[in-house]
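# Architecture at a glance
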Amino acid sequence: MEIIKKYFPNLSEQQLEQFAKLQELYQDWNLKINVVSRKDIDELYLRHVLHSLGIAKVMQFAPGSSIMDVGTGGGFPGIPLAIMFPECKFHLVDSIGKKIKVVNEVAEGLGLENVKTTHGRVEEVPETYDFIVSRAVAQMETFHRWIKNKVHKKHQNELKNGILYLKGGDLSEELAKFPKAVIYDLPSYFEEDFFETKKVVYLPVKYKG
């Protein structure tokens, strides 16, 4: 928890309480339904919570923004971002039902009223959003194909609507077809070794009506 305060010193009391509750909630639910590896549960705040909040270093979502988290798994990056941006709406989607069950229980345990979930494939979601976030669920070309009709036309944030994607390693080949992609290296924001090769990829996506 201290690592979150280190990089985000201006959190409200409610946000601090919600972040503090994450460890207990995930440890409890992980015993019933394994969504986070045992090694990672011991380093939950570094490997999952702070990693998710890399997006918050790149993008301060304007109040009223809508964000879909595709392939959320146990709720990352969606749950930490929903705590960080209580005035934004988050839609967490995963095709694995037991993972969505954990996400629902964690969101309820935290009292998050800005989170909704869907058990299903992103292609089946009818709504559009300001931003689509995710954590390395597929190659960018595949991911872009999944979400190409899911982005709002009207912009209300500093960056144009599109994808904010947590990825790692050398992305030059993967992003060759996306010249508008911008890479933000997470070591620019976080000093821990874990982030050495971690990045946020921003890709604007044009509205297709």
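In this text, all values refer to a predicted model and were calculated from it rather than measured experimentally.

Attention now moves to the side chain of His91. Tracing the backbone shows His91 in strand S2 (residues 89-94). Residue classification places His91 among the buried positions, given a relative accessible area of 3%. One polar contact links His91 to Thr118, side chain to side chain, over a distance of 2.6 Å. Discounting chain neighbours no more than four positions away, the residues touching His91 are Ile67, Met68, Asp69, Lys116, Thr117, Thr118, Val125, Glu127 and Tyr129.

Within strand S1 (residues 66-70), 5 of the 5 residues are buried, leaving the element largely enclosed by the surrounding structure. Alternating residues of S1 divide into Ser66, Met68 and Val70 and Ile67 and Asp69, and every residue in both groups is buried. As paired elements, S1 and S2 share 5 bridges and run parallel to each other. Paired with Met68 across the bridge in S2 is His91. Once you follow S1 into helix H6 (residues 78-84) and on to S2, the crossover reads as right-handed. Pairing of S1 with strand S4 (residues 131-135), which is carried by 3 bridges, proceeds in the parallel orientation.

Membership of the largest hydrophobic core comes to 54 residues, with the highest contact counts inside it found for Leu22, Tyr26, Phe61, Ile79 and Leu164. Among the nonpolar cores identified, the runner-up in size contains 20 residues, and Val125, Phe143, Ile147 and Tyr165 belong to it.

So, about the packing of helix H2 (residues 13-32) against helix H7 (residues 97-110). Between H2 and H7, whose axes approach to 10 Å, the crossing angle comes to 145°. Our pair here, H2 against H7, has a crossing hand that is right-handed. Residue-level contacts link Gln18, Lys21, Leu22, Leu25, Tyr26 and Trp29 of H2 to Lys101, Val102, Glu105, Val106, Gly109 and Leu110 of H7. The residue makeup of the contact of H2 with H7, split by class, is 7 nonpolar, 2 polar and 3 charged.

Cut-off values and rules
Residues numbered from 1 in each chain as written. Predicted model: local features only at pLDDT ≥ 70, side-chain atom pairs only at ≥ 80, totals over all residues. Heavy atoms only, no water. Helix = DSSP H or I, 4+ residues; strand = E, 2+ residues; numbered from the N terminus. Buried < 20%, exposed > 50% of the residue type's maximum accessible area, 1.4 Å probe, protein only. Polar contact = N/O pair within 3.5 Å; in protein donor to acceptor, adjacent residues only side chain to side chain. Contact = heavy atoms within 4.5 Å. Pairing = 2+ DSSP bridges. Right-handed = clockwise from strand over helix to strand, strands pointing away. Core = buried A, V, L, I, M, F, W, Y, C linked by side-chain atoms within 4.5 Å. Axes fitted to C-alpha atoms, helices over the stretch in contact; angles between N-to-C directions. Left-handed = near helix turned anticlockwise from the far one by under 90°. Nonpolar A, V, L, I, M, F, W, Y, C, P; charged D, E, K, R; others polar.

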